[in-house]
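Residues per chain are reported as follows:
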Amino acid sequence: MGTPGLAERVRRLGGHEVRWLVSLGWWVVRRRIGVAAGDRAFGYAAAQAALVYGLTFVCVVETVGLAVLLRGHPVAHGVMLVVDVYALLMMLGMQAAAVTRPHVLGSGVLWLRDAARMEIRIPLERIVSVRHDLRSAPAGSGSRSEAAGEAGVKRGPDVLAFAVGGQTSVTVELREPVVAVRLSGKRPAVRTVRFHADDARGMVAAVRTAVAALDEGRPRADRT
């Protein structure tokens, strides 16, 4: 597929900003986004919590330090205060989006999410196998920025991976490709999806049970 234009990229980046800002509100009221009655939600934010809160503390210390250093320069102080507060909100928003947007096992679909950045919906009938598969992300590829590989999403041929805390813990193999939409607007087709879940073994068991139940309900000729 063609490369998305500048307007499309700006629109998608703007949407990302709105999503993590909205997630802050949902986080405060302890609600989750997109989890319907009867769905099973699986979190993945715990693996990055220590890093996020550590960076948040650094942002707070930096804000206080700059406020002291620039107290005699009101214009510079005002500008830096806005920048620091935004950076602080962005750090908390990253964690809030991960907490409020868990992976969801719903009726006939597995919905995998990478906080507010990216998601992919996998019909259960396309899943060939799902397994606990602990993998470390390649060194130097864990950047959360678009320029460094798009929000921590590592990839290879027909492979999509959502790493959290530098690792993935579940691998799903598909019989037919599923199209993913990246933050940049690109739409790769993938056959293997790797992601992290805090309760990886529990999620694997739940997905296997759901796929087996779906398979048992289909005519025998449709199971191949």
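As the structure is a computational prediction, the values presented were derived from the model and not from experiment.

Here is what the cut-offs are and how they apply
Residues numbered from 1 in each chain as written. Predicted model: local features only at pLDDT ≥ 70, side-chain atom pairs only at ≥ 80, totals over all residues. Heavy atoms only, no water. Helix = DSSP H or I, 4+ residues; strand = E, 2+ residues; numbered from the N terminus. Buried < 20%, exposed > 50% of the residue type's maximum accessible area, 1.4 Å probe, protein only. Contact = heavy atoms within 4.5 Å. Areas by Shrake-Rupley, 256 points an atom, 1.4 Å probe, with all protein chains shown as cover. Core = buried A, V, L, I, M, F, W, Y, C linked by side-chain atoms within 4.5 Å. Pairing = 2+ DSSP bridges. Axes fitted to C-alpha atoms, helices over the stretch in contact; angles between N-to-C directions. Phe/Tyr/Trp six-rings, centres within 6.5 Å; stacked < 30°, edge-to-face > 60°. Lys NZ or Arg CZ within 6 Å of the ring centre and 35° of its normal.

J.: Could you give an account of the overall build of the chain, with specific residues and numbers?
T.: Across its full length, the chain holds 4 helices and 9 strands. Element order for the chain, N to C, with α for helix and β for strand: α-β-α-α-β-β-β-β-β-β-β-β-α. Within the chain, the proportion of its 224 residues that are buried is 38%. For the chain, restricting intrachain contacts to residue pairs at least 6 apart in sequence, the fraction spanning at least 24 positions comes to 69%. Carbon and sulfur atoms provide 62% of the accessible area of the chain, an area that totals close to 11,900 Å².

J.: Before we move on, could you go through the nonpolar core and cite the residues and values that matter?
T.: Grouped burial of nonpolar side chains is what soluble globular proteins tend to show. Residues Leu-110, Leu-112, Ile-120, Ile-122, Ile-127 and Phe-195 are the most contacted members of the largest nonpolar core, which totals 28 residues. Listed by contribution, the elements that provide at least two residues to this core are strand E3 (109-114), strand E4 (118-123), strand E5 (127-136), strand E7 (159-162), strand E8 (167-179), strand E9 (189-195) and helix H4 (200-216). Examining the composition of this core, we find that 7 residues originate from one element, H4, more than from any other. Discounting residues that sit within four places of it in the chain, Leu-112 has contacts with His-103, Met-118, Glu-119, Ile-120, Ile-122, Phe-162, Val-193, Phe-195 and Met-203. Residues Leu-24, Ala-96, Ala-98 and Ala-115 belong to the second largest nonpolar core, which totals 10 residues.

J.: Break down the sheet that holds strand E2 (residues 103-105) for me, with residues and values.
T.: Sheets are built from strands paired through backbone hydrogen bonds, the pairs being either parallel or antiparallel. With antiparallel pairing, the 4 strands of this open sheet are ordered in space as E1-E2-E3-E4. On the outer flanks of this sheet lie strand E1 (40-42) and E4, each paired with one strand and no other. Taken pair by pair, the neighbouring strands of this sheet meet at an average axis angle of 15°, ignoring direction. Relative to E3, E2 runs antiparallel, the two sharing 2 bridges. Bridged to Leu-105 within E3 is Leu-110.

J.: I'd like a rundown of the packing of aromatic side chains, residues and numbers included.
T.: Here the structure, examined in full by the defined rule, presents 1 aromatic pair. Plain terms: the ring middles of Trp-20 and Tyr-86 are 5.8 Å apart, the flat faces sit at 65° to each other, and that makes the pair edge-to-face. In this pair, Trp-20 sits in helix H1 (residues 6-28) while Tyr-86 sits in helix H3 (residues 74-100), placing the two residues 66 residues apart along the sequence. Residue class for Trp-20 comes out buried when judged on its relative accessible area of 3%. The side chain of Arg-113 reaches across the aromatic face of Trp-111, ending 4.1 Å from its centre. Lying across the ring of Trp-111, Arg-121 places its NZ or CZ 3.8 Å from the centre.

J.: Go over the environment of Leu-6, please, and point to the residues and values.
T.: When you line up the elements, Leu-6 lands in helix H1. When the C-alpha positions of Leu-6 and Ser-184 are compared, they lie 9.5 Å apart, and in sequence the two are 178 residues distant.

J.: Break down the side chain of Thr-56 for me, citing the residues and quoting the values.
T.: Take Thr-56: it is sitting in helix H2 (residues 46-69). With relative accessibility at 10%, the residue Thr-56 sits in the buried group. When near neighbours in sequence (up to four residues on either side) are disregarded, Thr-56 contacts Leu-88, Met-91 and Leu-92.

Nothing here speaks to function; it is geometry throughout.
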